[in-house]
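The residues making up each chain are set out below.
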Amino acid sequence: MNEDLKYDTFRYFLECYFNPSANYEELETPVKEFNSTEESKYRQKLQQELEQIFQLDNWDDIQEFVRKHAMRKINSDRLHLVHTYYFA
């Protein structure tokens, strides 16, 4: 991924809430936990970062970022679920 792009809050979400022990079938749970425990400024920052990620034209970079920080693969449908649950 372009080293100029920093998604610190998304990385934090991946490492602390959606780590390898989390299950894709329970994806809503870590999103709700993040929203209920984190300060408003961090929730807003994650929202902004997710919106920026969806605007990127290079899905390979996004997958590499997730692989690096969450030690898992993610496709666009699953990332859209994070976004959907985030706004639920």
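Note that the structure is a prediction, hence the values are computed from the model and not measured. Sequence positions are assigned chain by chain, starting from 1 and proceeding in written order. Totals for whole chains, interfaces and linings use all residues, but because this is a predicted model, local features are given only for residues with pLDDT of at least 70 and pairs of side-chain atoms are given and counted only at 80 or more. Calculated side-chain values reflect all of the structure's heavy atoms, with hydrogen atoms and water omitted.

Help me out: how do you make sense of the confidence of the model for the protein chain in this one?
When pLDDT is low, close inspection of the predicted coordinates is not appropriate. The quantity known as pLDDT measures the predictor's confidence residue by residue, on a range of 0 to 100. In the predicted model, the protein chain carries a mean pLDDT of 80, and 85% of its residues have values of at least 70. Comment: elements are numbered from the N terminus, with helices defined as DSSP H or I runs of at least four residues and strands as E runs of at least two. Model confidence for the protein chain, summarised as mean pLDDT per element, is weakest for helix α5 (residues 76–86) at 69 and strongest for helix α1 (residues 8–16) at 92.

Mind showing me how you'd approach the pattern of salt bridges here?
One side chain can pair with another of opposite charge once the charged atoms of both are near each other. Take a side-chain nitrogen of Lys or Arg and a carboxyl oxygen of Asp or Glu: if they are within 4 Å of each other, that pair is a salt bridge. Counted according to the given criterion, the structure contains 5 salt bridges. The partner of Arg-11 in a salt bridge is Asp-8, with the nearest N and O atoms 3.1 Å apart. With Arg-11 and Asp-8 both in helix α1 and 3 residues apart, this pair spans about one turn of that helix. In this structure, the salt-bridge partner of Glu-28 is Lys-32, at a minimum N-O distance of 2.9 Å.

Is there a simple way to explain α1 in this structure?
Structurally, the α-helix is built with 3.6 residues per turn, so residues lying three or four positions apart point the same way. Here α1 has its buried residues at Thr-9, Phe-10, Phe-13 and Leu-14. Around the axis of α1, the buried residues are gathered within 140° of arc, so they sit on the same side. Burial classification: accessible surface area is computed with a 1.4 Å probe over protein chains only, and a residue below 20% of its type maximum counts as buried, one above 50% as exposed, and the rest as partly exposed. The arc in question is traced by the directions running from the helix axis to the C-beta atoms.

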